[in-house]
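Results of the structural survey
Each chain is listed here by its residues.
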Amino acid sequence: MKVQIPRGTQDILPSDVRTWQWIEEKVKEITKKYRYEEIRTPIFEHTEIFTRGVGDTTDIVQKEMYSFQDRGGRDITLRPEGTAAVVRSYVEKKMYGDPNQPMKLYYLGPMFRYERPQSGRFRQFVQFGVEALGSNDPAIDAEVIALALDVYKSAGLKNLKLVINSLGDKESRISHRQALIDHFKPSIHEFCSDCQNRLEKNPLRILDCKVDREHPLMGSAPSILEFLNEESKAYFGKVCSYLDDLQIDYEIDSTLVRGLDYYNHTTFEIMSSASGFGAITTLCGGGRYNGLVEEFGGPETPGIGFALSIERLIAALEAEGIELDTSDALDLYIVTLGEEAKDYSVKLLNAVRQAGFTADRDYTDRKIKAQLKSADRLNARFVVILGEDELNKGIVQVKEMNTGEQKEVEISSFVQQFTQLFE
Ligand code: HAM
């Protein structure tokens, strides 16, 4: 038996879980402020949801999906991302009929991609993402971007760079597509076989190729921004002006095409510019996907969203040397001396917990000194010392760990008096 974790996955041990929980709480707080509500979709979907949704010429679909047939012969895929699944649910559950449009949804959960593991790139990772479905107002593009930035800023990150682009509407993309084919076609034999296949099917994907990234024709490829029609240009201009209003700095990068096929109009990424950060600097990516709801058989419904992984957020915190304040003190630790005290502590501990406090005791027969050490390690605010003497007198000694102050309290009214210490 191989006692080893699968490649590209990680155990998050209790000491690290605190950081995760801090972030999860923060995400919930922030989404509440913006009125995004949580949606939970299954970890696996019918494979078609992703081949159709994400696009069958993308790296995700061609190379990275965990797909299998279940025992009923159905093609199933562990979700590599959240957007297609949320849109599937929006259509299937007829959320478009809800009067509260746009539907503002968020999700937080594991995604799976068979990628080459490296720093910041896992095979199982946790995405926090939001999707706003049912509005074509450029103000919601700005809102979604502001929300993503709020998550990073709330954790104290400073070295952030927002990059935005517009892929325009269908008409703009068709003329850009032809220009890309004309640009790459004469030298397409110099490109990888994936790119050669993509040339006619989806030439925009060539710009996102990891293999041919350095090819000189990449840098000189025609820019989508030059092909935007008036409407798309005006839309992008409005998004930028809302970002200006919100005093959000951004850089426009016409090469930002993103790795998923459903995008049009606004696309964006947030990168870490911290010097200690690894090779992959993208923390968050998103954009508009008008047309995806129709692709899944729903009515014409615009959509925009983003996703970020908690793993990369944590890597960015490490790169900036930020430690989140995750200290969670224990209210009480009960130190016992002797069998009788140990037995009594079962009741006392329960009473304290029922009163709403966090409390613990020793369960491994440690000596008193070691018990006090445990209390210290667990960051206990108070320690109760309970021995035979105390029990006979009907009292306990309560010690405040910070000050070292100690006082006697009657056992019969312990919980009541202990509560007063917190008032
Ligand atoms: P994506 O760019 O594929 O977009 O992924 C979004 C984010 O997920 C990345 O910026 C990164 O933080 C994280 N991520 C992706 N792959 C990995 C990995 N292997 N290991 C760790 N983190 C990773 C999407 O998934 C779209 N669904 C985003 C979206 C939502 N667009 C519109 N709505």
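Residues numbered from 1 in each chain as written. Predicted model: local features only at pLDDT ≥ 70, side-chain atom pairs only at ≥ 80, totals over all residues. Heavy atoms only, no water.

Mapped onto this numbering, the UniProt entry gives "domain: Aminoacyl-transfer RNA synthetases class-II family profile" (unreviewed entry) at residues 1–320. End-to-end, the C-alpha atoms of residues 1–320 are 40 Å apart, and along that stretch the chain is 37% helix and 20% strand. (UniProt positions renumbered as here; feature names shortened; annotations may be inferred. Helix = DSSP H or I, 4+ residues; strand = E, 2+ residues; numbered from the N terminus.)

Near the ligand, the surroundings consist of 28 residues, among which E81, E115, F122, Y263 and L283 are the closest. In this structure, a nitrogen atom belonging to the ligand sits 2.6 Å away from a side-chain N or O atom of E115. A distance of 2.5 Å is found between a nitrogen atom of the ligand and a side-chain nitrogen or oxygen belonging to Y263. Within the complex, 96% of the 650 Å² of free accessible area of the ligand lies under protein. Among the secondary structure elements, those contributing two or more residues to the shell around the ligand are strand 6 (124–133), strand 10 (282–288) and strand 11 (303–309). If one sorts the elements of the shell around the ligand by residue count, strand 10 sits on top with 6 residues. (Near = heavy atom within 4 Å. Polar contact = N/O pair within 3.5 Å; in protein donor to acceptor, adjacent residues only side chain to side chain. Areas by Shrake-Rupley, 256 points an atom, 1.4 Å probe, with all protein chains shown as cover.)

Mapped onto this numbering, the UniProt entry annotates "binding site: L-histidine" (unreviewed entry) at E81, G82, T83, R113, Q127, E131, R258, Y262 and Y263. Mapped onto the secondary structure, G82 falls in the loop between strand 4 (75–78) and helix 4 (83–92). With a relative accessible area of 4%, G82 lands in the buried category. If sequence neighbours within four positions are ignored, G82 has contacts with Y107, M111 and Q127. Among all residues touching Q127, those that are not within four sequence positions of it are E81, G82, Y107, L108, G109, M111, R113, A307, L308 and S309. (Buried < 20%, exposed > 50% of the residue type's maximum accessible area, 1.4 Å probe, protein only. Contact = heavy atoms within 4.5 Å.)

This paragraph deals with the nonpolar core. Ranked by internal contacts, the top residues of the largest apolar core, which has 46 residues, are F128 and F306. Per element, the largest residue contribution to this core is 10 residues, and it comes from helix 5 (residues 138–154). Filtering out sequence-adjacent residues up to four positions away, F128 remains in contact with V27, T31, Y106, Y107, L108, L147, V151, F306, A307, L308 and I310. Among the nonpolar cores identified, the runner-up in size contains 45 residues, and V87, L105, F191 and C195 belong to it. (Core = buried A, V, L, I, M, F, W, Y, C linked by side-chain atoms within 4.5 Å.)

What follows concerns the sheet that holds strand 8 (residues 251–252). Strand order in the open sheet made by the 8 strands is 1-5-6-11-10-9-7-8, with mixed pairing throughout. Each edge of the sheet is formed by a strand with only one pairing partner; in this case those strands are strand 1 (37–38) and strand 8. In terms of strand pairing, strand 7 (residues 160–166) meets strand 8 through 2 bridges, oriented parallel. The residue bridging V163 from the neighbouring strand is E251, located in strand 8. Lying over the sheet, helix 1 (residues 14–33) contacts strand 5 (103–112) and strand 6, oriented at roughly 160° with respect to strand 5. Along the sheet, helix 11 (residues 310–319) contacts strand 5, strand 6, strand 10 and strand 11; its crossing angle with strand 11, the most-contacted strand, is approximately 55°. (Pairing = 2+ DSSP bridges. Axes fitted to C-alpha atoms, helices over the stretch in contact; angles between N-to-C directions.)

A ring pair, where both rings are aromatic, is described by two values, the distance of the centres and the angle of the planes. The final tally for this structure, using the stated rule, is 14 aromatic pairs. Taking 6.4 Å as the distance between ring centres and 65° as the angle between the ring planes, the aromatic pair formed by F268 and F306 counts as edge-to-face. Of this pair, F268 sits in strand 9 (residues 264–272) while F306 sits in strand 11, placing them 38 residues apart in sequence. An aromatic cluster of three or more residues is present, and its members are F357, F382, F414, F418 and F422. In this arrangement the basic side chain of R123 is found over the ring face of Y114, its NZ or CZ atom lying 3.9 Å from the centre. (Phe/Tyr/Trp six-rings, centres within 6.5 Å; stacked < 30°, edge-to-face > 60°. Lys NZ or Arg CZ within 6 Å of the ring centre and 35° of its normal.)

Of all the 9 residues making up strand 9, 9 are buried; the element is thus mostly covered by neighbouring parts of the structure. Sheet topology note: the strand 7/strand 9 ladder contains 7 bridges and is antiparallel. Among the inter-strand pairings, S166 is bridged to a residue of strand 9, identified as T266. Direction of pairing for strand 9 relative to strand 10: antiparallel, over a ladder of 6 bridges. When the bridges of strand 10 are listed, T267 appears paired with G287.

In this section: the packing of helix 5 against helix 9 (residues 230–245). Here helix 5 crosses helix 9 at 45°, and the two axes come no closer than 8 Å. Between helix 5 and helix 9, the angle falls in the class oblique. The hand of the helix 5/helix 9 crossing is right-handed. Mapping the contact onto sequence places P138, A139, D141, A142 and I145 in helix 5 and Y235, K238, V239, Y242 and L243 in helix 9. (Parallel < 35°, antiparallel > 145°, perpendicular 65-115°, else oblique. Left-handed = near helix turned anticlockwise from the far one by under 90°.)

Time to look at the sheet that holds strand 4. Spatially, 2-4-3 is the arrangement adopted by the 3 strands of the open sheet, whose pairing is antiparallel. Looking at the sheet topology across the chains shown, the edges are occupied by strand 2 (44–46) and strand 3 (66–69). Across the sheet, the mean angle separating the axes of adjacent strands is 30° when strand polarity is ignored. Here strand 2 runs beside strand 4; their pairing, made up of 3 bridges, is antiparallel. Bridge pairing in strand 4 places H46 opposite I76.

It is worth spelling out the pattern of salt bridges at this point. For the structure on display, the rule yields 27 salt bridges. Two residues, D59 and K63, come together in a salt bridge whose shortest N-O distance is 3.4 Å. Here D59 and its partner K63 are both found in helix 3 (residues 59–64), 4 residues apart, which amounts to about one turn of the helix. Of the residues examined, D59 reaches a relative accessible area of 12% and is grouped as buried. Since its relative accessible area comes to 42%, K63 is described here as partly exposed. For E339, the salt bridge identified is with K342, shortest N-O distance 3.3 Å. With E339 and K342 both in helix 12 (residues 339–354) and 3 residues apart, this pair spans about one turn of that helix. Looking at E339, the relative accessible area reads 54%, which means it is exposed. Counted as one network, the salt bridges with shared partners bring together D59, K63, E64, E115, R121, D194, R198 and K210. (Salt bridge = Lys/Arg side-chain N within 4 Å of Asp/Glu carboxyl O.)

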